[in-house]
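A look at the structure
The residues making up each chain are set out below.
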Amino acid sequence: MIFSFALRRRDLWRVALIGLLLPLVGCGYHTAGASSHLPPDLKILAIPSFQNQTHTYHVETALTKAVVQEFNTRTRYRVVQSEGDADAVLKGSIVSAEVAPVAYDSVTGRASTGLVTIIIKVTLTARDGRVLYNNPNYVFRDQYQISNELLSFFEEQGPALDRLSRDFSRTLVSNILEAF
C-alpha cells in the first residue's frame, strides 16, 4: 500500500510539472506586432497623406491619421510625413468609397442601416526601391445606424468612418509586421 501511494504521489508531481511547462512550449502562434518581417535597419518610416481618388470628402485624412497612430502605438519606428530621410515609405490610395443602405424602416420606408465600403491600395517601399509590402485591394466595410427621428437625427457616417479607419489601420499594421 505504501508503494502505490508513493507511485501516485510521484505521478502527480510529473503531471503538475508537465502542466506548468506545457504553456511554455509554443505552437507557432504569437501576438501581433511581437516580431517584424521588415528589415532590421528600418528605423524611420514615412507615411505621407494617402491619396483620395474618390469624391468622398476628407476620407484620406482619417485613414492616414489612424495608420500613423497605429504605427506610433504598436511599433518602435519613428513615423514622419516627409519621404526625404525615411528608410521606407508607406503610400496609400483610396480607390473607392461607397455608402449604401442595407436595411429599411418598414413604417417610413427610409434607410435605417447603412454600409460604408472602402477599397484602398497600399504599398511599403524601402529606400532602395524594394517593395516590402503591397496590397492593391484592401476592402473594408462597416455598418451604421441611421436615425429616422428628425428631432434626434445624428449623422452616423463620421463615427462609422472613424471605426472603419481604426479597423483598417490595425489590420494594415498587423499585416505589414507579420508579412501577410
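Shown above is the structure to which this text applies.
Thresholds, definitions, all that
- Residues numbered from 1 in each chain as written.
- Predicted model: local features only at pLDDT ≥ 70, side-chain atom pairs only at ≥ 80, totals over all residues.
- Heavy atoms only, no water.
- Helix = DSSP H or I, 4+ residues; strand = E, 2+ residues; numbered from the N terminus.
- Buried < 20%, exposed > 50% of the residue type's maximum accessible area, 1.4 Å probe, protein only.
- Contact = heavy atoms within 4.5 Å.
- 1 Å grid on protein atoms, 1.4 Å probe; cavity = no way out; pocket = protein on both sides within 12 Å on 5 of 7 lines; lining within 4 Å.
- Points joined across faces, edges and corners; volume = space filled by probe spheres on them.
- Nonpolar A, V, L, I, M, F, W, Y, C, P; charged D, E, K, R; others polar.
- Phe/Tyr/Trp six-rings, centres within 6.5 Å; stacked < 30°, edge-to-face > 60°.

Focus on the overall build of the protein chain
Along its length, the protein chain carries three helices and six strands. Looking at the 180 residues of the protein chain, the share that counts as buried comes to 34%. In the protein chain, the share of contacts with a sequence separation of at least 24, taken over all contacts with a separation of at least 6, comes to 68%.

Some points on the layout of surface pockets
Of the volumes computed, that of the largest pocket is approximately 180 Å³. Lining of the largest pocket is provided by A62, K65, A66, Q69, E70, D162, S165, R166, S169 and R170. Counting residues per element, the ones that place at least two in the lining of the largest pocket are helix 2 (59-74) and helix 3 (157-178). For the lining of the largest pocket, the class distribution of residues is two nonpolar, three polar and five charged.

Considering unusual backbone geometry
The backbone of H58 shows a phi angle near 60°, a positive value even though the residue is not glycine. By the element assignment, H58 lies in the loop between strand 2 (51-52) and helix 2.

Some words on the side chain of E70
Here E70 lies in helix 2. Ignoring anything within four residues of it in the chain, the contact list for E70 reads T75, S169, R170 and V173.

Topic: the packing of aromatic side chains
A complete count under the given rule lists four aromatic pairs for this structure. Look at Y138 and F168: their rings are 5.4 Å apart centre to centre, the planes differ by 85°, and that puts the pair in the edge-to-face class. Pair noted here: Y138 is in strand 6 (residues 131-145) and F168 is in helix 3, with a separation of 30 residues, a long-range link. Exposure class is identical for Y138 and F168. Each is buried. Taken together, the ring pairs in this structure connect F50, Y138, F140 and F168 into an aromatic cluster.

Limitation: the analysis is restricted to geometry and does not speak to function.
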